[in-house]
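# Understanding the architecture of this molecule
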Amino acid sequence: MPLEQASTLAALENADQEFLWTLNFGPQHPATHTTLRLILTLDGETIVKAVPDIGFLHSGFEKLGEDLDFNQYVTIVDRMNYISPVANEIAWHHAVEKLMGIELTPRCNYLRTILGEMARISDHLLCTGAAALDLGAFTAFLYAFHQREVLYDIFEAASGQRFHPSYTRVGGLAFDVNDDFVRKVRDFVKDFPKTHGDMCRLLNRNRIFVERMQGIGVLSKEMAINLSCTGPIARASGVVRDIRKDEPYLAYPDFDFNVVCAEEGDCYARYLVRMEEMLESLNIIHHAIENLPSGPVNVDGDSKAVFPEQMSVYRSIESMIHHFELVMPNQQWTPPVDEVYGCIESPNGELGFYVVSDGTGVAYRARTRPPSFIHFAVFPYLIVGHQIGDVVAVLGSLNIIAAELDR
Amino acid sequence: MPFDALCNFLRERFGSDSFTTSEFRDNRRIQINPDRLLAFMKTLKEECGFDQLSELCGADYLKYPGARDRFGLWYILLNTTTGERVIVKTFLNEPDLTIASVFSLWKGADWMEREVYDMYGVIFDEHPDLRRILMPEEFVSFPLRKDYPLRGRGERHNFPVITRAES
């Protein structure tokens, strides 16, 4: 199909507006962090119009989801929001388990909750650290990345992989955690408040930082709802909504935590909401690791959803057949022929998967609802009327992850 | 309002045979005819309090067991005050892949509709800027359709190469 000239770009380029000039921002620019492009129309240094151009990192993840089975696809969802990969895994298997009607074991619920909250801290550390870096506050960024390193070590202790753990499986986890994991999480819970305090002291009243964030990119509550915003961005605009509270999943009903909200809706409010959310997450991790239930981490092997124990595969013919059936493409799981939408509160907002199943072990359609994609659509509304220098402040506060944006 | 009350309200407004409902897990779905989409959405937004369009996408049901229609679209609406969700489903068939845009109700529909157009070729009437969003502009197919092969049709080999002098 032939494509038309983008009407929105042409509209401003008539004769009486010759004083406007166009600036191409990206796709490669240090402040975009990944690959995204903005076409800015400027009057002097004031932005009159911003047109995002995305798709540079599009790699057909959703098409792959129609080819890989429910366990294999977890390696792909890992690579969507690679800042907090475990959150994506939890979201994917949350939707798949909802489709199959699997109830997880208490231990698995707690472990997934701990990992999900650590992913939230990791994501918020990168977002606030990098936002500070873009505005010239380099030290806070280093403090944030030190703790992210610790978190990567914890993910490695649990799954054997630092960056893309691929840790969840249908009906449970790849392996149970060991004492080393528990010790590392306890150390992290003890050490993290110090880093958090350091970052707060460096940034919260830093005049340069505050003046570049306050009043910039204001998103009203009505706009936030109308533009489908979720997560910290909506909460910073006064939308009191958190899927962990409103549609509880995993072990969240067991914990007492606050939903952090603000009313201003500017970049600074989004920053403060993220900083405060990290402490709430830490609180959840603390309670979860101290009350970690014992028992199996996977659902009962008789349900045929999970792989049998390795030793029983060697010793009994039933387990061998069971194992074999789960890896053969023509056997595998038999979910109902139906479709389901399951979502979780990922660090960035509502991360959902719409799984259409045709009764086989491979999704017929695996649609992702990517929060970055939806939040980047908000960007043109936030930046108009501000200066070029504010582009990085607004981009940083929205936490756009291009791999999730383009999938 | 609970799902039953919502269905009764919509039946009164649009007639009892204007939609069908189904439920699965906690997903509650209303299936409607595509030509009445905008009227339904307007009622749901303005009178039933579904103020957020939380998700919009579609699927190609070409090889789906027992499917009678080709393209399905789903609109997941959310009431941000009460936390209720409802999924509005509608189906489209070739050659008429045109449906009303809900951009006038929810600005958040902008990019989501562009993505559906990009991936399936569904045309959204009165969308302000319906262009490809993820695929390159020169792309001619709709990659998430089921008759499009997983490994593509060799488009990568035919990308125009830009030399330094031209750039």
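For the structure given in this document, a descriptive report is provided here. (Residues numbered from 1 in each chain as written. Chains lettered and ligands numbered in written order. Predicted model: local features only at pLDDT ≥ 70, side-chain atom pairs only at ≥ 80, totals over all residues. Heavy atoms only, no water.)

### What about the overall build of chain A?
- For chain A, the helix and strand inventory stands at 18 helices and eight strands.
- In summary, chain A has a C-alpha radius of gyration of 23 Å against a globular reference of 22 Å for 407 residues, a match within 12%.
- The dimensions of chain A, computed from C-alpha atoms along their principal axes, are 80 × 55 × 35 Å.
- Counting the 407 residues in chain A, one finds 62% classified as buried.
- Across chain A, contacts joining residues at least 24 apart in sequence account for 69% of those joining residues at least 6 apart. (Helix = DSSP H or I, 4+ residues; strand = E, 2+ residues; numbered from the N terminus. Rg over C-alpha atoms; globule rule 2.2 N^0.38 Å. Buried < 20%, exposed > 50% of the residue type's maximum accessible area, 1.4 Å probe, protein only. Contact = heavy atoms within 4.5 Å.)

### What to know about the sheet that holds strand β3 (residues 46–53) of chain A
All names here are of chain A.
- The three strands are arranged β1-β2-β3 in an open sheet whose pairing can be described as antiparallel. Each edge of the sheet is formed by a strand with only one pairing partner; in this case those strands are β1 (21–25) and β3. Averaged over all pairs of adjacent strands, the angle between their axes in this sheet comes to 25°, without regard to strand direction. (Pairing = 2+ DSSP bridges. Axes fitted to C-alpha atoms, helices over the stretch in contact; angles between N-to-C directions.)

### Quick look at the environment of Thr35(A)
Residue and element names in this part refer to chain A.
- Along the polypeptide, Thr35 turns up in the loop between β1 and β2 (37–43).
- You can call Thr35 buried: its relative accessible area is 15%.
- A C-alpha to C-alpha distance of 9.6 Å links Thr35 and Asp406, two positions 371 residues apart in sequence.
- For Thr35, the contacting residues outside a window of four places in its chain are Pro27, Gln28, Phe56, Leu57, Ala402 and Asp406.

### A few points about unusual backbone geometry
- That bond from Glu94(B) to Pro95(B) is cis: its omega, 5°, falls within 30 degrees of zero.
- Not every positive phi belongs to a glycine, and Asn399(A) is a case in point at roughly 55°.
- Within the secondary structure, Asn399(A) sits in the loop between α17 (390–398) and α18 (402–406).
- If you check the backbone angles, Arg25(B) has positive phi at about 50° while not being a glycine.
- By the secondary structure assignment, Arg25(B) is in the loop between β1 (19–24) and β2 (27–32).
- According to the relative accessible area criterion, Arg25(B) is partly exposed, its value standing at 41%.

### Structural notes on the interface of chain A and chain B
- Counting from both sides, the interface comprises 53 residues of chain A and, opposite them, 58 residues of chain B.
- Surface buried jointly by chain A and chain B totals about 4,600 Å² across both partners, of which 55% is contributed by carbon and sulfur atoms.
- Of the charged contacts, one joins Glu66(A) and Lys146(B) as a salt bridge, the two residues approaching to 3.2 Å between their closest N and O atoms.
- Where chain A touches chain B, the interface holds 33 residue pairs in polar contact (both at pLDDT 80 or more).
- Within the side of chain A that touches chain B, the residues separate by chemical class into 28 nonpolar, nine polar and 16 charged. (Buried area = accessible area lost by both parts, 1.4 Å probe. Salt bridge = Lys/Arg side-chain N within 4 Å of Asp/Glu carboxyl O. Polar contact = N/O pair within 3.5 Å; in protein donor to acceptor, adjacent residues only side chain to side chain. Nonpolar A, V, L, I, M, F, W, Y, C, P; charged D, E, K, R; others polar.)

### Regarding a nonpolar patch on the surface
Residues and elements named next belong to chain A.
- A contiguous nonpolar surface patch, about 340 Å² in accessible area, is contributed by Phe307, Phe324, Val327 and Met328.
- Among the structural elements, Phe307 can be located in the loop between α12 (267–290) and α13 (310–315).
- What makes Phe307 partly exposed here is its relative accessible area of 33%. (Patch = residues over 30% accessible without salt bridge, like charges linked within 9 Å, V, L, I, M, F, W, Y side chains within 5 Å. Areas by Shrake-Rupley, 256 points an atom, 1.4 Å probe, with all protein chains shown as cover.)

### Observations regarding helix α4 (residues 85–100) of chain A
All names here are of chain A.
- The end-to-end C-alpha separation of α4 is 23 Å, in line with the 22 Å expected for 16 residues at 1.5 Å each.
- Counting buried residues in α4 gives 16 out of 16 residues, a clear majority hidden from the surface.
- Backbone geometry just after α4 places Gly101 at a positive phi near 70°. (Expected span 1.5 Å × (residues − 1).)

### A look at the packing of α4(A) against helix α5 (residues 106–134) of chain A
All names here are of chain A.
- Between α4 and α5, the least distance of the axes is 8 Å, while the angle of their chain directions is 140°. Relative to α5, the element α4 is oriented oblique. Where α4 abuts α5, its residues Val86, Ala87, Ile90, His93 and Glu97 lie against Arg112, Leu115, Gly116 and Ala119. (Parallel < 35°, antiparallel > 145°, perpendicular 65-115°, else oblique.)

### A few points about the state of the cysteines
- Under the counting rule described, the total for this entry stands at zero disulfides over all chains.
- Summary of cysteine pairing: Cys261(A) is not part of a disulfide, and the nearest cysteine sulfur, belonging to Cys229(A), is at 14 Å.
- Given the relative accessible area of 31%, Cys261(A) is considered partly exposed.
- Cys48(B) supplies the cysteine sulfur nearest to Cys7(B), a cysteine that is in no disulfide, at a spacing of 10 Å. (Disulfide = S-S within 2.5 Å.)

### Quick notes on the packing of α12(A) against α17(A)
All names here are of chain A.
- At their nearest, the axes of α12 and α17 sit 9 Å apart, and the two run at 30° to each other. Along this stretch, α12 crosses α17, giving a crossing that reads as left-handed. Where α12 abuts α17, its residues Cys267, Arg270 and Arg274 lie against Ala393, Val394, Ser397 and Leu398.
- Looking at the contact of α12 with α17 residue by residue, the classes come out as four nonpolar, one polar and two charged. (Left-handed = near helix turned anticlockwise from the far one by under 90°.)

### A few points about the pairing of β1(B)
Residue and element names in this part refer to chain B.
- One ladder, built from six bridges, connects β1 with β2; its direction is antiparallel. Following the sheet pairing, Phe19 is matched in β2 by Ile32.
- Turn length for the β1-β2 hairpin, with the two strands adjacent in sequence and antiparallel, is two residues, and the turn residue Arg25 shows positive phi of about 50°.

### Some words on the nonpolar core
- Trp92(A), Phe181(A) and Tyr75(B) are the most contacted members of the largest nonpolar core, which has 175 residues in total.
- For this core, the two domains that each supply at least three residues are domain 1 (3–53) and domain 2 (61–406) of chain A.
- In contact with Phe181(A), other than residues within four places in its own chain, are Leu111(A), Ile114(A), Leu115(A), Met118(A), Ile154(A), Ala157(A), Ala158(A) and Ile289(A). (Core = buried A, V, L, I, M, F, W, Y, C linked by side-chain atoms within 4.5 Å. Domains from an automatic or database assignment.)

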